[in-house]
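Residue-level structural notes
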Amino acid sequence: MNKDIATPIRTKAILEKHGFSFKKSLGQNFLIDTNILNRIVDHAELTPESGAIEIGPGIGALTEQLAKRSEKVLAFEIDQRLLPILADTLAPYSNVKIINEDVLKADIIAAIQQEFANIDDLMVVANLPYYVTTPIIMKLLEDQLPIRGIVCMLQKEVAERISASPGTKSYGSLSIAIQYYTKAETVMIVPKSVFIPQPNVDSAVIRLTKLDQPAVKVQDEDFFFTVTRASFAQRRKTILNNLTSQLEKGKERKEFIVQALNQAGIEPTRRGETLGLEEFARLADALLPHFR
Ligand code: SAM
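Residues numbered from 1 in each chain as written. Predicted model: local features only at pLDDT ≥ 70, side-chain atom pairs only at ≥ 80, totals over all residues. Heavy atoms only, no water.

Focus: the overall build of the protein chain
Looking only at helices and strands, one finds 12 helices and 9 strands in the protein chain. Across its three principal directions, the C-alpha atoms of the protein chain cover 70 × 40 × 30 Å. The long-range fraction of contacts in the protein chain, counting pairs at least 24 apart against all pairs at least 6 apart in sequence, stands at 69%. Computing the positive centroid from 35 side-chain charges and the negative centroid from 36, the protein chain places the two 6 Å apart. (Helix = DSSP H or I, 4+ residues; strand = E, 2+ residues; numbered from the N terminus. Contact = heavy atoms within 4.5 Å. Lys, Arg positive; Asp, Glu negative; His and termini not counted. Charge placed at Lys NZ, Arg CZ, Asp CG, Glu CD.)

Okay, here's the thing in structure tokens:
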């Protein structure tokens with residue numbers, strides 16, 4: 001039996017054997033620490049009956065650990081050069097399927113229906129390419145996939161923004177977008193030294209557990225997200241000033257914005273970062289009739 005892929009010696013040997021050169025533009029920072037990988041997989045709470053979806057398997061370091069601890073792994077990899085390497089490194093595992101596609105363009109639901117027909121428990125587990133972390137997470141949530149949740153490595157700063165509470169420096173429209181769909185927790189901080197090449201930023205692992213229904217009820221989801229983004233456009237501005245300058249026709253309708261803030265019980269002089277999801281939901285619903 002071969003040693004795990006994720007050791008410095010084995011990883012270097014694999015890269016050398018296949019003459020692989022990293023593409024920085026694809027966020028290729030590979031994990032070389034089996035202990036860290038196992039802790040990431042622990043957070044996914046897989047059972048032998050679970051299915052795992054991975055984004056960006058690289059040379060298969062995480063894929064291998066997922067294959068050992070789940071029924072089946074489906075992995076999306078954009079870089080065609082990695083396919084022969086994965087065929088080699090993952091040869092001992094018959095329960096892995098690699099799809100050579102940009103995950104942002106992939107029909108993930110169709111792939112799930114095809115590959116996981118008999119599997120009830122599905123988790124996304126990934127060491128994400130850092131140049132597209134947010135679009136990937138948003139796609140996974142907005143596509144309404146039949147998954148229990150997501151455990152993924154990303155930039156520490158983004159992890160902090162995703163799991164931030166109201167009133168903190170990191171709290172913003174990204175926190176709200178993700179906490180609308182999930183319970184979000186930062187579960188691990190990961191040093192740069194466990195990657196090759198080492199990334200420029202610190203990393204963290206987050207666990208997103210999907211809620212049965214969105215955290216708040218709103219009349220129009222798109223408008224709710226428009227209002228939250230507008231409210232954080234300039235962090236030092238009051239919510240009234242941000243909404244007036246950012247919402248289309250906001251300037252013409254300032255008196256309605258004041259009225260809606262009052263109706264929602266929100267002082268116009270507050271700043272967006274002090275509002276919780278419930279307050280944003282009330283505000284968006286109060287503004288909606290004036291902006292529909
Ligand atoms: N899972 C491996 C590991 O932990 O060592 C590699 C992780 S590396 C941070 C990110 C991987 O995502 C790379 O293999 C890269 O080629 C792949 N990738 C980048 N953009 C992608 C995209 N849009 N769709 C699918 N895979 C992508």
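Details of the environment of Phe256
Mapped onto the secondary structure, Phe256 falls in helix α11 (residues 254-263). With 95 residues separating them along the chain, Phe256 and Arg161 place their C-alpha atoms 31 Å apart.

Topic: the layout of surface pockets
Looking at the largest pocket, its volume works out to about 390 Å³. As for the largest pocket, its lining consists of 32 residues, of which Ile55, Gly56, Glu77, Asn127 and Pro129 are closest to the centre. Mapped onto the lining of the largest pocket, the elements with two or more residues apiece are β1 (30-31), β2 (51-55) and α3 (61-69). Residue composition of the lining of the largest pocket, by class: 21 nonpolar, 7 polar and 4 charged. (1 Å grid on protein atoms, 1.4 Å probe; cavity = no way out; pocket = protein on both sides within 12 Å on 5 of 7 lines; lining within 4 Å. Points joined across faces, edges and corners; volume = space filled by probe spheres on them. Nonpolar A, V, L, I, M, F, W, Y, C, P; charged D, E, K, R; others polar.)

Some remarks on the environment of Gln179
Among the structural elements, Gln179 can be located in helix α8 (residues 173-181). With relative accessibility at 18%, the residue Gln179 sits in the buried group. Along the backbone, Gln179 and Gly60 are 119 residues apart, and their C-alpha atoms lie at a distance of 30 Å. When residues no more than four places from it in sequence are discounted, the contact partners of Gln179 are Ile162, Ser163, Ala164, Ala184, Leu211, Ala215 and Leu277. Of the polar contacts made by the side chain of Gln179, one reaches the backbone oxygen of Ile162; its length is 2.9 Å. Side-chain polar atoms of Gln179 contact the backbone oxygen of Ala164, separated by 2.8 Å. (Buried < 20%, exposed > 50% of the residue type's maximum accessible area, 1.4 Å probe, protein only. Polar contact = N/O pair within 3.5 Å; in protein donor to acceptor, adjacent residues only side chain to side chain.)

A few points about the pairing of strand β5 (residues 122-127)
Most of β5 sits inside the fold, with 6 of its 6 residues counted as buried. The side-chain alternation of β5 yields two buried faces, one formed by Leu122, Val124 and Ala126 and the other by Met123, Val125 and Asn127. With 3 bridges joining them, β2 and β5 adopt parallel strand pairing. Of the residues in β5, the one forming a bridge with Ile53 is Val124. As a crossover connection, the stretch from β5 through helix α6 (residues 133-142) into strand β6 (residues 149-155) is right-handed. (Pairing = 2+ DSSP bridges. Right-handed = clockwise from strand over helix to strand, strands pointing away.)

Section: the packing of aromatic side chains
One pass over the full model with this rule turns up 11 aromatic pairs. Ring centres 5.7 Å apart and planes at 85° place the aromatic pair Phe20 and Phe22 in the edge-to-face group. Under the relative-accessibility criterion, Phe22 is labelled partly exposed at 31%. Put simply, the rings of Tyr180, Tyr181, Phe224 and Phe225 pair up and form one aromatic cluster. Positioned above the aromatic ring of Phe291 is the side chain of Arg253, whose terminal nitrogen or guanidinium carbon lies 5.6 Å from the ring centre. (Phe/Tyr/Trp six-rings, centres within 6.5 Å; stacked < 30°, edge-to-face > 60°. Lys NZ or Arg CZ within 6 Å of the ring centre and 35° of its normal.)

Concerning the packing of α11 against helix α12 (residues 277-291)
At a closest axis distance of 8 Å, the pairing of α11 and α12 adopts a crossing angle of 150°. On the basis of the axis angle, α11 is roughly antiparallel to α12. Here α11 and α12 pass one another in a crossing that is right-handed. In contact with Phe256, Ile257, Gln259, Ala260, Leu261 and Gln263 of α11, α12 contributes Leu283, Ala286, Leu287, His290 and Phe291. Residue composition of the contact of α11 with α12, grouped by class: 8 nonpolar, 3 polar and no charged. (Axes fitted to C-alpha atoms, helices over the stretch in contact; angles between N-to-C directions. Parallel < 35°, antiparallel > 145°, perpendicular 65-115°, else oblique. Left-handed = near helix turned anticlockwise from the far one by under 90°.)

A short note on the sheet that holds strand β3 (residues 72-76)
Sheet architecture is open: 7 strands sit in the order β4-β3-β2-β5-β6-β9-β7, paired in mixed fashion. Since the sheet does not close on itself, it has two edges, and those belong to β4 (96-99) and β7 (182-190), each with one partner. Each strand axis lies, on average, 20° off the axis of its neighbour in the sheet, ignoring direction. Pairing of β7 with strand β9 (residues 203-210) involves 8 bridges; the strand directions are antiparallel. The residue bridging Thr186 from the neighbouring strand is Ile206, located in β9. Across the sheet, helix α2 (residues 34-44) is in contact with β5, β6, β7 and β9; its angle to β7 comes to roughly 165°. Sheet contacts for helix α5 (residues 108-115): β2, β3, β4 and β5; angle to β3, the most-contacted strand, approximately 155°.

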